[in-house]
Amino acid sequence: MAVVGIARSLHSYHHFTLWRAFFEELGWQVVLSSRTDRQTVEQGVKLAPAELCLPVKVFLGQVARLLEQVDYVFVPRLVCRRLKGDFYFGCPKAIALPDLVRAIFPEQKGRILELVIDQQIQRDEVGFVRCAKALGVDRQCAQGAFQQAKKAEAEAGKLRVHGPSPADCFPPERLNSKPGAGRGKIGVIGHPYLIYDEHISLNLLRMIAELEIEPVIPGIGEEELIQEAGRALNWYYELELIAGARKLVREAQVDGLLLVSSFACGTAPVVNELIRREVAVRTGLPMLTLLFDEHSGETGLRTRLESFADLIRSRK
Ligand code: SF4
């Protein structure tokens, strides 16, 4: 039985249920990489070109670790998704991920298992069938596994009341939360691979909770909301952030917004500015932008959060 490794980073936070179910249906064992730690980051930083964002560096660190443990490492290429006739793209770094991994680990090319999702040119099923075919699985068997995996994904989605949350697949460590009843709510907007990775985000959610403020995070994969946000951008996962900010302001009555991004992210400057104009300026809500990289420190983060929490309380 082949063992396939999936990195606990980037879009695993969105699609882990589907990917895992697909490989397990094929009878393969799936290993999820361990949580990000200092060693993962150091290894990723050493391997990656300096201009890459931190989440991609972390991904590379996790791939390096998985290559020591498994037969194959799964690397998706998320090019394009279609929503009711319109096409939305992944971030350029997510599109180039398999090329990047092969360039960095040239000796391991044969162990990189690529999945192409590009709804401009093919149904997802075709991408999954090709991925499995690379390991000698016949078409019929791969199609069956894909159908079962889609069912598993739909079932997982049904259990969630407010839309799927990556915390279901990747429960963060205990938040040590003191519920901030009446003391304020902060909407936290950012890619799940930043917010839910406690090492990258320096335990941001726990820190907010310790200030007796409730962090509120939008769900993921809520396609109607993403489509509603539709015309603003052509980047699928970035539209999700705009949709999430709108939803929090509309439904969760947050007292402020925290935008969480990575240094060297190519899309964040555009997305954050759109959210600032669309949501923060229109509603008058205070907004704080946090940029994380491998040099970020807890003390600076805590100071900024404390000031933001004071601002929010002073407005109540
Ligand atoms: S969206 Fe930004 S943070 Fe995410 S992979 Fe792309 S460049 Fe990196």
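Residues numbered from 1 in each chain as written. Predicted model: local features only at pLDDT ≥ 70, side-chain atom pairs only at ≥ 80, totals over all residues. Heavy atoms only, no water.

As recorded by an unreviewed UniProt entry, the protein carries the name DUF2229 domain-containing protein and is attributed to candidate division WOR-3 bacterium.

Colleague: Please provide a residue-by-residue account of the overall build of the protein, values included.
Modeller: From N to C terminus, the protein includes 13 helices and nine strands. Radius of gyration (C-alpha) of the protein: 20 Å, near the 20 Å computed for a compact globule of 316 residues. Residues counted as buried form 53% of the 316 residues belonging to the protein. Of the contacts made within the protein by residues no fewer than 6 positions apart, 74% connect residues no fewer than 24 positions apart. For the protein, the exposed surface amounts to about 14,500 Å²; the carbon and sulfur share of it is 50%. Positive and negative charge centroids in the protein, built from 40 and 39 side chains respectively, lie 2 Å apart. (Helix = DSSP H or I, 4+ residues; strand = E, 2+ residues; numbered from the N terminus. Rg over C-alpha atoms; globule rule 2.2 N^0.38 Å. Buried < 20%, exposed > 50% of the residue type's maximum accessible area, 1.4 Å probe, protein only. Contact = heavy atoms within 4.5 Å. Areas by Shrake-Rupley, 256 points an atom, 1.4 Å probe, with all protein chains shown as cover. Lys, Arg positive; Asp, Glu negative; His and termini not counted. Charge placed at Lys NZ, Arg CZ, Asp CG, Glu CD.)

Colleague: Describe unusual backbone geometry, listing the residues and the values that go with them.
Modeller: Backbone geometry at Leu202 places phi at a positive 55 degrees, although glycine is not the residue there. On the basis of relative accessible area, Leu202 is assigned to the buried category, the value being 14%. Even without being a glycine, Ala264 presents a positive backbone phi close to 70 degrees.

Colleague: Before we move on, can you summarise helix H13 (residues 298–314) with the specific residues and values?
Modeller: Helix length check: H13 (17 residues) gives 24 Å between terminal C-alpha atoms against 24 Å at 1.5 Å per residue, within 8%. Within H13 the residues assigned to the buried category are Leu301, Leu305, Phe308, Ala309 and Ile312. Projected onto a plane normal to the axis of H13, the buried residues spread over an arc of 105 degrees and lie on a single side. With respect to the buried face of H13, the exposed residues turned more than 90 degrees away are Thr299 and Ser314. Those residues of H13 that are buried are in contact with strand E6 (185–190), helix H9 (204–210), strand E8 (256–262) and strand E9 (287–292). (Expected span 1.5 Å × (residues − 1). Arc of directions from axis to C-beta.)

Colleague: An account of the side chain of Thr40 is requested, with residue identities and associated values reported.
Modeller: As for its position among the elements, Thr40 is in helix H2 (residues 38–47). Residue Thr40 is classed as buried on the basis of its relative accessible area, which comes to 1%. Engagement of the side chain of Thr40 in a polar contact is seen with the side chain of Asp37, the distance being 2.6 Å. What Thr40 contacts, discounting residues up to four positions off in sequence, is Arg35, Val58, Gly61, Gln62 and Arg65. (Polar contact = N/O pair within 3.5 Å; in protein donor to acceptor, adjacent residues only side chain to side chain.)

Colleague: So what's going on with the site of the ligand? Which residues, and what values?
Modeller: Every residue near the ligand is listed here: Cys53, Pro55, Val56, Cys91, Lys93, His191, Tyr193, Glu238, Cys265, Gly266 and Thr267. Class assignment of the residues belonging to the shell around the ligand gives a composition of six nonpolar, three polar and two charged. Counting contributing residues per domain, the shell around the ligand is built from domain 1 (3–158) and domain 2 (166–314), each supplying no fewer than three. (Near = heavy atom within 4 Å. Nonpolar A, V, L, I, M, F, W, Y, C, P; charged D, E, K, R; others polar. Domains from an automatic or database assignment.)

Colleague: Tell me about the nonpolar core, and name the residues and values.
Modeller: Of all hydrophobic cores here, the largest spans 50 residues; its most connected members are Phe22, Phe23 and Ile275. Considering every element that reaches this core, the biggest residue donor is helix H11 (residues 236–252), with nine residues. Those residues in contact with Phe22, other than ones at most four positions away along the chain, are Phe128, Ala132, Ala142, Ala145, Phe146 and Ala149. Among the nonpolar cores identified, the runner-up in size contains 49 residues, and Ala64, Val75, Leu202 and Ile208 belong to it. (Core = buried A, V, L, I, M, F, W, Y, C linked by side-chain atoms within 4.5 Å.)

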